[in-house]
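Now for the letters of each chain:
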Amino acid sequence: MNLHEYQAKELLKKYQVPVQEGFACSNVHEAEEAYRQIKTQFGSSFAVVKAQIHAGGRGKGTVRETGINGVKVAKNLEEATVFTQKILGGTLVTLQTGPSGKVVNKVLVAQDMYYDGPSERKEFYLSILLDRGIGRNVIMYSTEGGMNIEDVAHNTPEKIYREWVHPAGGLLPFQARKIAFNLGLSGESFKNMVRFVTNVYKAYVGLDCAMVEINPLFKASDDKIVAVDCKMKLDENALTKHPDLASMRDLSEEDPTEVEAGQYNLNFVKLDGNVGCMVNGAGLAMATMDMIKLSGGEPANFLDVGGTANAQTVEAGFKIILKDPNVKAILINIFGGIVRCDRVASGVIEAYRNMGNIDIPIIVRLQGTNAAEAKRLIDESGLQVQSAILLSEAADLVKQAVA
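Residues numbered from 1 in each chain as written. Predicted model: local features only at pLDDT ≥ 70, side-chain atom pairs only at ≥ 80, totals over all residues. Heavy atoms only, no water.

A. Fine view of helix α12 (residues 371-379). Among the residues of α12, those classed as buried are Ala 371, Ala 374 and Ile 378. Looking down the long axis of α12, one finds its buried residues gathered within 60 degrees of arc, a one-sided arrangement. Those residues of α12 hidden inside the fold are in contact with α11 (341-355), β19 (362-368) and β20 (385-388). (Buried < 20%, exposed > 50% of the residue type's maximum accessible area, 1.4 Å probe, protein only. Helix = DSSP H or I, 4+ residues; strand = E, 2+ residues; numbered from the N terminus. Arc of directions from axis to C-beta. Contact = heavy atoms within 4.5 Å.)

The following block contains the structure:
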């Protein structure tokens, strides 16, 4: 589950991680009040207006309707008002959003961190995530933080450091000191960085994060270490431990069909192909998508109905898949282990009749317990549904459907 920048910063503060202070605003009036509070609190007329979307590259991105960037520095109240008006409600297009962009429903009006000369301030990069190859969390960091970190990773990968953390011992003090040393720090900034890294790692573990990324990680001329930006992704499998965090989910940032699928406990991911998939089991779903590609089609989605497929889940899956206008055929590939194939077949028939005419080919391949009975039910239903027992038969029917 992705969080907005302002949400991630509030969580970091609970772990004593210094962050750029600011206020999330949904309208111009709130933004003006936020600007006044920042000016009073920090004694500066400068403030930063940041679009809040689940994507990076906001500073380089452009609001389609107004041509303004997603991050702007306001020198006074008038500029803060204008920037908020031009960002809020617009569609921000960045490299990470793709050409469709994302609608901005909130802005973060934050303190200006660049309050001094450039001689002593520095921007670093730091992120924490799981290295699945070796089963350990890894802290990735660099002296070259800022908006061009992707270029650094591509052109000068030697400037990206990595520190792996053993799951039994956690982040050890010498590792935090090593990170501060590799970032070229000394004195008070060194001590502050050690505390910063230690507390960020505690937040990563304590919140059951899947990823934390801080860019830029800022060192001011007074040696303060501050998270100026933060991306945070939570492990959805751990949200039962954090009901307060589950309430921070912003459904408006997610694909509507994926949200709808979640309401039926369906695992759904939208893709760009022309053959809809409905499968039980993630491994079978991956194999089914491979089969579709080998047959000349392209998967339009990943949809796992789980091991207890019934008429309701099948019907919900049908409706979600059919919302995609690019779908030319639907392939249902079920292995009847936990659930009997004849029950799935009955569910397919019932769902088809409830939905009325479906004007694209539907191919049903059922294998496992009572597969023969399932094929008979499909064949005798009188519906425009093609059945198959072997995977090769299903592949041939898919090829015909997309030819």
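Let us keep going from here.
B. Quick peek at the nonpolar core. Counting residues in hydrophobic clusters, the biggest one holds 40 residues, and the most contacted among them are Leu 12, Ile 139, Met 193, Ile 214, Met 232 and Leu 234. The element contributing the most residues to this core is helix α6 (residues 187-206), with 8 residues. Those residues in contact with Met 232 that sit more than four places away from it in its chain are Met 1, Asn 2, Leu 3, Ala 8, Leu 11, Leu 12, Leu 207, Cys 209, Met 211 and Val 212. Core analysis: the second largest hydrophobic core is formed by 33 residues, Val 314, Ile 330, Ala 351 and Val 364 among them. (Core = buried A, V, L, I, M, F, W, Y, C linked by side-chain atoms within 4.5 Å.)

C. Spotlight on the pattern of salt bridges. In total, this model carries 18 salt bridges according to the counting rule given. Note that Lys 293 and Glu 298 form a salt bridge whose closest N and O atoms lie 2.9 Å from each other. Of the residues examined, Lys 293 reaches a relative accessible area of 45% and is grouped as partly exposed. (Salt bridge = Lys/Arg side-chain N within 4 Å of Asp/Glu carboxyl O.)

D. Fine view of the sheet that holds strand β4 (residues 62-63). Read from one edge of the open sheet, 3 strands run β4-β6-β7, paired in antiparallel fashion. The sheet terminates laterally at β4 and β7 (102-103), the two strands that pair on one side only. Note that β4 and strand β6 (residues 91-93) share 2 bridges and pair antiparallel. Pairing of Thr 62 across the sheet is with Val 93, part of β6. (Pairing = 2+ DSSP bridges.)

E. How the structure looks around the packing of α11 against α12. For the pair α11 and α12, the least separation of the axes is 7 Å and the interaxial angle reads 20 degrees. As judged from the angle between their axes, α11 and α12 are roughly parallel. By crossing handedness, the relation of α11 to α12 is classed as right-handed. Counted together, Cys 341, Asp 342, Ala 345, Ser 346, Val 348 and Ile 349 of α11 and Ala 371, Glu 373, Ala 374, Leu 377 and Ile 378 of α12 form the full contact between these two elements. Class assignment of the residues belonging to the contact of α11 with α12 gives a composition of 8 nonpolar, 1 polar and 2 charged. (Axes fitted to C-alpha atoms, helices over the stretch in contact; angles between N-to-C directions. Parallel < 35°, antiparallel > 145°, perpendicular 65-115°, else oblique. Left-handed = near helix turned anticlockwise from the far one by under 90°. Nonpolar A, V, L, I, M, F, W, Y, C, P; charged D, E, K, R; others polar.)

F. Focus on the sheet that holds strand β2 (residues 22-25). Taking strand neighbours across the sheet as the criterion, the 4 strands line up as β2-β8-β3-β5 in an open arrangement whose pairing is antiparallel. Lying at the two open borders of the sheet, with one neighbouring strand each, are β2 and β5 (71-74). Within the sheet, the average angular offset between the axes of one strand and its neighbour, ignoring direction, is 20 degrees. Relative to β5, strand β3 (residues 47-51) is paired through 4 bridges, and the arrangement is antiparallel. For Ala 47, the partnering residue across the bridge sits in β5 and is Ala 74.

G. Looking closely at the side chain of Thr 94. Position of Thr 94 relative to the elements: it lies in the loop between β6 and β7. Of note is the side chain of Thr 94, whose polar atom sits 3.1 Å from the backbone nitrogen of Gln 96. With residues near it in sequence (within four places) discarded, Thr 94 still touches Ala 55, Gly 56, Gly 57, Arg 58 and Gly 61. (Polar contact = N/O pair within 3.5 Å; in protein donor to acceptor, adjacent residues only side chain to side chain.)

H. Structural view of the environment of Gly 276. Relative to the elements of secondary structure, Gly 276 occurs in strand β16 (residues 275-279). Gly 276 gets classed as buried once you look at its relative accessible area, which sits at 0%. If sequence neighbours within four positions are ignored, Gly 276 has contacts with Ala 300, Asn 301, Ile 321, Val 327, Ala 329, Ile 330 and Leu 331.

I. Here's a closer look at the packing of aromatic side chains. As enumerated under the stated definition, the model contains 2 aromatic pairs in all. Seen in terms of ring centroids, Tyr 141 and Tyr 161 are 5.3 Å apart; in terms of plane orientation they differ by 20 degrees. Their pairing is stacked. One end of the pair, Tyr 141, is in strand β10 (residues 136-142); the other, Tyr 161, is in strand β11 (residues 160-165), with 20 residues separating them in the sequence. Residue Tyr 141 is classed as buried on the basis of its relative accessible area, which comes to 0%. (Phe/Tyr/Trp six-rings, centres within 6.5 Å; stacked < 30°, edge-to-face > 60°.)

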